[in-house]
Amino acid sequence: MNGGDGMEESRQHMTFKTFCILAMCILYIFSFFLPYPFIRIILAIITILVFIYSCYQAKPFFKVISLLMLSAGFCLTIITGKGLEGIQAGIISNVPLLTLIILVPLIAIPLKVGRYLQACHYYIEKFISKPKLLFANLTTFLFLFGPVLNIGTIRLLDDVVQKFTISPKLLAKGYLTGFSTVVLWSPYFASVGLVTHYLHISIVSYFAISIPFAILQLIVANFLFQFTARNQDLQIEQGPIHSITSSHDRKKIWGLLIIVFTLMCSVLFLERLTHWPMLLLVSIISLLFPLGWIIFSKRKRLFAQHLFQFRNQSLLQMDNEIVMFISAGLFGASLTGTDFAETIGNMMNTISSVSFLLFILVTILSFITLTLIGFHPIIFVIPVISQVDPIVIGTTPEVVAIIFMLSWSLSAVISPINPLNILVSSLVKKKSSVVGLKWNGKFVITILLIGILYIYFVQNVLV
């Protein structure tokens, strides 16, 4: 009985936790349209509850770091005289980002129910006997569909290639280099959301700089693989071939492309039409797209099963991200107006006054170094980006954004704590240092050099 009672109590805690997480997201959306103080207070209280529940189940490293940032944030907010109002504002400052992270996976549910994702078998199997073309298609697939399907795109591809004996090195390179482009430009990805949110720039203006470089990054990844891959990296043993007709699968692939294109255009169009924050728009689309689908779908039972799976599994696996974003939000907000924040700002201004090229290099290398030794990117991004004034350093917010996003994209490949690196290393059953630094080190160094030149070109020619 005691064991059964314990399981029932645990189940109730999990149900309450998921309720709080979803309530936090919905309240954030409502608070934008109904900006009443009491709604913000309720949102702050629920956010604190979400932090407490998530902190209990977060990994020790993230738990310690987040508690340190939260404690420091509380103390600094009180010391600087911002009081309870400052604490409330800091607690909910990153809720828009969390809402995006939490709700975006809902977009994949209609695609699973509509069997669009099964058509990926045809897309991959068509090139399975040609390793270099397979690599090109893996990276292109991630570039096209990763922005909407997020990191789950890699799991989807891996489910397809598991029945073939493919070099782990080919897969690791394809997964990491392909998805690193998504980290750089997708409005449905948290990194882009965070940087554009703090720099107050529109996604349209950011796209003008980021998409050309993301395409260049994709081309460089394929160029490097084509000319550096060894014979053992190209060996593939054939497995059973997917049975669905190519005609059926091609239609599904085209349908998937149209859906992704529509979702992207929806963000751009609505941002220009409404001038609402990009994070809010992506969150609303992430809710309305599956809601509209289920209304017209004939597979409501299957849809409900995926919703329950999202509630009972996906939501409960976000503890690390939740505690880091909430605590970093309070910590970043508490730094405003402090001597430490002024020191960061002055240091960045001094570096940029010496050389803008030096500013780019110091920012990127500092970012990558901290993430390599195990720090989460937001620990660096939020305190620094909130103190950088693009006008003072002689550039635009879009250029500052691409500097941070290039850093984030490269660190995602090599950082041992980044979810992308962790996922890929687990799929190919190799250490994170092997798949990141050893197998993709040339790619990272090449893109770093090309990226610095690209940003310098944009700064001096286009700005």
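Each chain has its residues counted from 1, following the order in which its sequence is written. Reporting of local features is limited, given that this is a predicted model, to residues whose pLDDT is at least 70; pairs of side-chain atoms are given and counted only at 80 or more, and all residues count toward the totals for whole chains, interfaces and linings. No hydrogens and no water enter the side-chain calculation; it runs on all heavy atoms of the structure.

1. Details of the overall build of the chain
Here comes step 1: The helix and strand inventory of the chain stands at 22 helices and 2 strands.
Here comes step 2: The globule rule is 2.2 Å times the number of residues to the power 0.38, and the radius of gyration it is compared with is taken over C-alpha atoms. Taking 23 Å as the expected radius of gyration for a compact globule of 463 residues, we find that the chain reaches 22 Å, a close match to that expectation.
Here comes step 3: The principal-axis extent of the C-alpha atoms belonging to the chain is close to 65 × 65 × 50 Å.
Here comes step 4: Burial classes follow relative accessibility: with a 1.4 Å probe on protein chains only, a residue under 20% of its type's maximum area counts as buried, one over 50% as exposed, and anything between as partly exposed. Buried positions account for 56% of the 463 residues belonging to the chain. Numbered from the N terminus, helices here are DSSP runs of H or I no shorter than four residues, and strands are runs of E no shorter than two.

2. With respect to the nonpolar core
Here comes step 1: By size, the foremost hydrophobic cluster in this structure holds 163 residues, and its most contacted members are Tyr175 and Leu194.
Here comes step 2: Note on contacts: a residue pair is in contact if any heavy atoms of the two residues lie within 4.5 Å. In this view, leucine 194 contacts Leu97, Phe325, Ile378, Val381, Ile382 and Trp408; residues no more than four positions away in its chain are not counted. Nine residue types can take part in a nonpolar core, namely buried Ala, Val, Leu, Ile, Met, Phe, Trp, Tyr and Cys, and a core is a set of them joined through side-chain atoms within 4.5 Å.

3. Comments concerning the environment of leucine 307
Here comes step 1: Looking at the element boundaries, leucine 307 is found in helix α15 (residues 300-314).
Here comes step 2: For leucine 307, a relative accessible area of 32% translates into the label partly exposed.
Here comes step 3: For leucine 307, the contacting residues outside a window of four places in its chain are Leu106, Ile109 and Ile294.

4. Quick word on the packing of helix α17 (residues 339-354) against helix α18 (residues 356-372)
Here comes step 1: Each axis is a line fitted through C-alpha atoms, and for a helix only the stretch in contact is used; angles between axes span 0 to 180 degrees, taken between their N-to-C directions. Across the interface, α17 lies against α18 with an axial gap of 5 Å and an inter-helix angle of 135°. By the angle between their directions, the pair α17 and α18 is classed as oblique. Every residue of α18 that contacts α17 at Met348, Ile351, Ser352 and Val354 is listed here: Phe356, Leu358, Phe359, Val362 and Thr363.
Here comes step 2: Residue composition of the contact of α17 with α18, grouped by class: 7 nonpolar, 2 polar and no charged. To sort the angles, those under 35 degrees are grouped as roughly parallel, those over 145 as roughly antiparallel, those from 65 to 115 as roughly perpendicular, and the leftovers as oblique. Residues were grouped as follows: Ala, Val, Leu, Ile, Met, Phe, Trp, Tyr, Cys and Pro as nonpolar; Asp, Glu, Lys and Arg as charged; and all remaining residues, including Gly, as polar.

5. A few points about the packing of aromatic side chains
Here comes step 1: Ring pairs are drawn from Phe, Tyr and Trp, using the six-membered ring of Trp, whenever the two centres fall within 6.5 Å, and their geometry is named by plane angle: stacked under 30 degrees, edge-to-face over 60, tilted for the rest. Counted by the stated rule, this structure contains 20 aromatic pairs.
Here comes step 2: Measuring from centroid to centroid gives 5.2 Å for phenylalanine 32 and phenylalanine 33, while their planes differ by 90°, and the two rings are edge-to-face.
Here comes step 3: Take phenylalanine 32: its relative accessible area is 33%, and that puts it in the partly exposed class.
Here comes step 4: On the basis of relative accessible area, phenylalanine 33 is assigned to the partly exposed category, the value being 39%.
Here comes step 5: Relative to phenylalanine 62, the ring of phenylalanine 61 has its centre 5.6 Å away and its plane inclined at 85°; by these criteria the two rings are edge-to-face.

6. Description of a nonpolar patch on the surface
Here comes step 1: A patch consists of residues exposed above 30% relative accessible area that lack any salt bridge, with like charges linked at up to 9 Å and nonpolar side chains (Val, Leu, Ile, Met, Phe, Trp, Tyr) linked at up to 5 Å. Throughout, the Shrake-Rupley method with a 1.4 Å probe supplies accessible areas, and for residues the shown protein chains are the sole cover considered. Whenever a carboxyl oxygen of Asp or Glu lies within 4 Å of a side-chain nitrogen of Lys or Arg, that contact is scored as a salt bridge. A cluster of nonpolar side chains, namely Ile26, Phe30, Phe32, Phe33, Leu34, Tyr36, Phe38 and Ile42, defines an oily patch on the protein surface of about 730 Å² accessible area.
Here comes step 2: For the nonpolar patch, the secondary structure elements donating two or more residues are α1 (2-33) and α2 (37-57).
Here comes step 3: By residue number, the principal contributor to the nonpolar patch is α1, which donates 4 residues.
Here comes step 4: Looking at the element boundaries, tyrosine 36 is found in the loop between α1 and α2.

7. Some words on the confidence of the model for the chain
Here comes step 1: Confidence scores labelled pLDDT are given residue by residue by the predictor and lie between 0 and 100. Taken over all residues, the pLDDT of the chain has a mean of 87, while the share at 70 or more is 93%.
Here comes step 2: Per-element confidence in the chain is highest for helix α20 (residues 397-414), whose mean pLDDT is 95, and lowest for strand β2 (residues 236-237), whose mean pLDDT is 57.

8. Brief notes about the pattern of salt bridges
Here comes step 1: For the coordinates displayed, the defined rule picks out 1 salt bridge.
Here comes step 2: In this structure, the salt-bridge partner of lysine 17 is aspartate 319, at a minimum N-O distance of 2.4 Å. One end of the pair, lysine 17, is in helix α1; the other, aspartate 319, is in helix α16 (residues 319-335), with 302 residues separating them in the sequence.

9. Let's talk about helix α11 (residues 190-199)
Here comes step 1: Across the 10 residues of α11, 9 count as buried, placing the element largely inside the fold.
Here comes step 2: Those residues of α11 that sit buried are Ala190, Ser191, Val192, Gly193, Leu194, Val195, Thr196, Tyr198 and Leu199.
Here comes step 3: After α11 finishes, the residue histidine 200 shows a positive phi value of roughly 55°.

10. Here we look at the state of the cysteines
In a disulfide, the sulfur atoms of two cysteines are covalently bonded to one another.
Here comes step 1: Put simply, a disulfide is two cysteine sulfurs that come within 2.5 Å. With the rule as written, the count across this model stands at 0 disulfides.
Here comes step 2: Counting only cysteine sulfurs, cysteine 20 is the nearest neighbor of cysteine 25, a cysteine outside any disulfide, at a range of 11 Å.

11. Overview of the side chain of glutamine 459
Here comes step 1: In this structure, glutamine 459 sits in helix α22 (residues 432-462).
Here comes step 2: Aside from chain neighbours lying at most four places away, what touches glutamine 459 is Phe356, Gly394, Thr395 and Val399.

12. Looking at the environment of asparagine 421
Here comes step 1: Checked against the element boundaries, asparagine 421 lands in helix α21 (residues 419-428).
Here comes step 2: Classification of asparagine 421 by relative accessible area gives buried; the value is 0%.
Here comes step 3: Taking the C-alpha atoms as reference points, asparagine 421 and alanine 172, 249 residues apart in sequence, are found 9.1 Å from one another.
Here comes step 4: Those residues in contact with asparagine 421 that sit more than four places away from it in its chain are Leu176, Ala412, Val413, Ile414, Ser415, Pro416, Ser432, Val435 and Gly436.

13. What to know about the environment of phenylalanine 225
Here comes step 1: You can see phenylalanine 225 is positioned in helix α12 (residues 203-228).
Here comes step 2: Taking the relative accessible area as the measure of exposure, phenylalanine 225 reaches 2% and is therefore buried.
Here comes step 3: Each C-alpha atom of the pair phenylalanine 225 and proline 37 lies 55 Å from the other, and the pair is 188 residues apart in sequence.

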